[in-house]
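Coordinate analysis (summary)
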Amino acid sequence: MKAFKIGMPVFLIIVSIVCFIGAIRLPKANLGDPYGPLYFPIGISVLLFIFGIVYFFQEIKRINKSNNKITELFTGRTPKLIGVTIILGIGYTLIFESLGFLIASILFLGALLFVVNGIKNWKTNIIVALAFSFISWYAFSELLGVSLP
Amino acid sequence: MGMDTFMEGLLTSLEPINIMWIIIGGFLGTIVGMLPGLGPATAVAVLIPVTFGMEPVSALILMAAIYYGAMYGGSRSSILLNTPGDGSAIAATFDGYPMAQKGQAGQAMAISAVASFIGGVIAVIGFILLAKPLADFALKFGPAEYFLLMLLTLSAIVSLSMGKMVKGFISMLLGLLLSTVGIDTQSGVYRFTFGIPHLSEGIDFLIVIIGIYAIGEVLYNFLTIDEIKKEKKKVGKIWFSKKQWKRSKWPILRSGPLGFIIGVLPGAGGSIASMISYTTEKQISKKPEEFGEGAVEGLAAPESANNAASVGAMIPLLTMGIPGSGTTAVMLGALIMLGIRPGPLLFENDPEMVWTLVNSMFIGNIALIIINILLVGLLVKILDTPAKVLYPIILLLAFIGTYTLSYSAIDFFLLLIFGYFGLLMKVMDFPIAPLVLAIIVGADMEQNFRMAILSSNGSLGVFFATPIAIGLIVLTLLSLFYPLIVKKIQKRKLSKP
């Protein structure tokens, strides 16, 4: 948990440094103020660096204080649920255009329901996956005129 | 405002198609708002795609109906499950849930619906009186004033993230940083695109919003998804007694205007409005000891206030194009996507649209009271639908919404990244609203800043040149030091014997 707590401010400090370097290396503008595109990114990254440092020391101060939410993130089936949701999301992205909206959505929603709602409720999972995918396809594609693959 | 534009607005909002959107929006908003952990911002974010292909005015009506429908819905789960839909429904748990435990859930839901209705109506009247003068005033703003107004909004929303200001600032800075990605519109310079062509047009803030509010919230709710479901109490009678009304009417009437004013202020929103009205009523009550034990006025007052605040928050959004809260920021994003640019010119160029919206709010509040009272049984049944089924559906809706933004599945990767990032922010206790607000106003803020500097040949004096600018700077400083002032006052109070 300690690494997690410190990780966030360290990440933010790194982001601010990367953005600062990226900002000062930006090309100058040919129109108007040549430094115009630089002001905001430089200002933001400097402020982010300062607040990142303050946040780092705040976290160091309360390093031993427990945060239930961080604990919950790594207990029970939470990490599995989050991990699988993201993996299924990536899978959905990859099959969305090739398989088309309807089939991809049935597979994605069905798999997600089996993971979240459990295998025991397989009937509900299948019915919801089929019904909701079809209803949303009909509503968006036919009623709202959204072009779906 | 001419009476004719008001009447035109009334007639447009009474068109059957628009009444239908009001009812659908109110109902959908109520359902999403009822889900524990999901509030109005998520409701609007998830339901954005429903507005595709619609007439802008109908889309605006639908969006607003979803918004205040979700405000109504949030309190349903507060009363029945002691689990608020979002921050603004927290106060409804204090006395609403004890009422439900006493077998008065139906009465609690009825009084909360009536209080929300009255609060909403008071606020709509306030809107009619205040919006046009404010829009006229906003016409006097130049780039420097707009920049300072956005700065004030951001500082207000950060300073209201009580006890976590540093995280609030970081959240805001990340939002501003994200807003700089893409081609700089003034110079054509590519910024932070890392050679990825997809990023040259910048990161669509709606993807960030849907990612954080829909995916992030659902992932966050996975943390507690297996917790034992709270027992739901019997609904009982679905109308309140004369005695309960007598105790509630003045708190409702007092909290409406209070909530409205708080809603208009940048940064403040339904959560603060409902808390302030609750503590105010408790302080002036003859029976403060009954608060928290199921005092009906302890439920009615915050319900009136938070609904009034939700209407009040539409004023800075529509008159100046500045959202004052996370939810109105999401709405602004959706409006821009629909081609509606809120701001003072909206009142000049399209007054009918504004007054149609205002009238639709009146009608919407009536529709919601009917939905919430007559359909109480149905709503309670919906609350029985397991979250384990609803959350995957919300995830799918988030993907559909994202696809319809640019018709490209590549955006799903960004959606997942921001969803995961939203989860981390919630876990690490970062306020989300400053990030969302900053990513929406960021680009405008930068352009106004640079235009102001350009018009003054590089002098920063332009930001102190007018009384409005100075007033805005003073308000920004006040908002930044507000938490420190409050702390000092509290310390002094405590140190007094």
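For every chain, the first residue of the written sequence is number 1, and numbering continues from 1 onward in sequence order. All chains are assigned letters beginning at A, and all ligands numbers beginning at 1, according to the order in which they are written. A pLDDT threshold of at least 70 governs which residues receive local features in this predicted model, and a stricter bar of 80 or more applies before side-chain atom pairs are shown or counted, although totals over entire chains, interfaces and linings include all residues. Heavy atoms throughout the structure, all of them, feed into the side-chain values; hydrogens and water do not.

All right, on to the overall build of chain B then. Secondary structure elements follow DSSP: runs of H or I no shorter than four residues count as helices, runs of E no shorter than two count as strands, and numbering proceeds from the N terminus. Within chain B, the secondary structure is distributed over 21 helices and two strands. Relative to the globule expectation of 23 Å for 497 residues, the C-alpha radius of gyration of chain B, 22 Å, shows essentially globular dimensions. Only heavy atoms enter the contact rule, under which two residues are in contact if any of them lie within 4.5 Å. A sequence separation of at least 24 residues applies to 80% of the contacts in chain B between residues at least 6 apart. Here the globule rule reads 2.2 Å times residues to the power 0.38, and the radius of gyration is calculated from C-alpha atoms.

It is worth spelling out the overall build of chain A at this point. On a plain count of helices and strands, chain A comes out with six helices and zero strands. Reading chain A from its N end, one meets helices and strands in the order α-α-α-α-α-α. For 149 residues, the compact-globule formula gives about 15 Å, and the C-alpha radius of gyration of chain A, at 23 Å, lies well above that figure. Along the first, second and third principal axes, the C-alpha atoms of chain A reach 55 × 50 × 20 Å. Partitioning the intrachain contacts of chain A with sequence separation of at least 6 by distance along the chain shows that 57% fall at a separation of at least 24. With the model as given, the accessible surface of chain A reaches about 8100 Å², and the carbon-plus-sulfur share is 72%. Averaging the coordinates of the 12 positive side-chain charges in chain A and doing the same for the 5 negative ones gives two points 17 Å apart. Surface accessibility in these figures is a Shrake-Rupley result with a 1.4 Å probe; residues are shielded only by whichever protein chains are displayed. All tallies of charge rest on Lys and Arg as positive and Asp and Glu as negative; His and the ends of each chain are not included. Working definition for charges: the position is that of NZ of Lys, CZ of Arg, CG of Asp or CD of Glu.

Facing 60 residues of chain B, the contacting portion of chain A comprises 65 residues. The junction of chain B with chain A conceals about 5500 Å² of combined surface from both sides, 83% of it contributed by carbon and sulfur atoms. Buried area, as used here, totals the accessible surface that two parts lose on assembly, with accessibility defined by a 1.4 Å probe and the loss added over both. Ranking the residues of chain B by area buried against chain A places Leu173, Leu396 and Met428 of chain B at the top, with a combined share of 11%. For this analysis, a salt bridge means a side-chain nitrogen from Lys or Arg found within 4 Å of a carboxyl oxygen belonging to Asp or Glu. At the surface where chain B touches chain A, the tally comes to one salt bridge. Of the charged contacts in the structure, one is a salt bridge between Asp429 of chain B and Lys69 of chain A, with a shortest N-O distance of 3.6 Å. Any pair of nitrogen or oxygen atoms within 3.5 Å is treated as a polar contact; in protein, a donor-acceptor pairing is required on top of that, and neighbouring residues in sequence qualify only through side-chain atoms on both sides. Between the two partners, chain B and chain A, sit three residue pairs in polar contact (both at pLDDT 80 or more). Of all elements in the fold, only α8 (165-179), β2 (190-191), α9 (205-221), α18 (387-406), α19 (411-427) and α20 (433-455) of chain B reach the threshold of two or more residues within the side of chain B that touches chain A.

Moving on to the domain arrangement of chain A. The assigned domain composition of chain A is domain 1 (1-66) and domain 2 (77-142). The straight-line distance from the C-alpha centre of domain 1 of chain A to that of domain 2 of chain A is 37 Å. The split into domains, and so the bounds of each, comes from an automatic or database assignment of domains.

This next bit is on unusual backbone geometry. Residue and element names in this part refer to chain B. Of note in the backbone geometry, Phe192 takes a positive phi value of approximately 50 degrees without being a glycine. Within the secondary structure layout, Phe192 lies in the loop between β2 and α9. Phi at Phe194 takes a positive value of approximately 50 degrees, unusual for a residue other than glycine. Along the chain, Phe194 falls in the loop between β2 and α9. Residue classification places Phe194 among the exposed residues on the basis of a relative accessible area of 67%. Only protein chains enter the accessibility calculation, which uses a 1.4 Å probe; a residue whose area is less than 20% of its type maximum is buried, one above 50% is exposed, and one in between is partly exposed.

Next up on the list: the pattern of salt bridges. Residue and element names in this part refer to chain B. For the structure shown, the criterion picks out 13 salt bridges over all chains. A salt bridge links Glu217 to Lys426, with the shortest nitrogen-to-oxygen separation between them at 3.3 Å. Of this pair, Glu217 sits in helix α9 while Lys426 is found in helix α19, placing the two residues 209 residues apart along the sequence. A cluster of three or more residues bridged by salt bridges with shared partners is formed by Asp184, Arg191, Glu446 and Arg450.

Attention shifts here to the UniProt feature "transmembrane region" (unreviewed entry) in chain A. Residues and elements named next belong to chain A. UniProt positions are given in the numbering used here, feature names are shortened, and annotations may be inferred rather than shown by experiment. Here, the residues flagged by UniProt with the feature "transmembrane region" (unreviewed entry) are residues 7-26, 38-57, 78-95, 101-119 and 126-148. Secondary structure content for residues 38-57 is 100% helix and 0% strand, and the end C-alpha separation is 29 Å. Helix makes up 89% of residues 101-119 and strand 0%. Its end C-alpha atoms lie 24 Å apart.

This part takes up the side chain of Thr12 of chain B. Residue and element names in this part refer to chain B. Assignment of secondary structure puts Thr12 in helix α1 (residues 3-13). Take Thr12: its relative accessible area is 10%, and that puts it in the buried class. Each residue touching Thr12, except ones within four places of it in the same chain, is listed here: Asn18, Glu352 and Thr356.

Take Thr476 of chain B: it is sitting in helix α21 (residues 467-495). Aside from chain neighbours lying at most four places away, what touches Thr476 of chain B is Leu148, Leu151, Leu152 and Ser155 of chain B.

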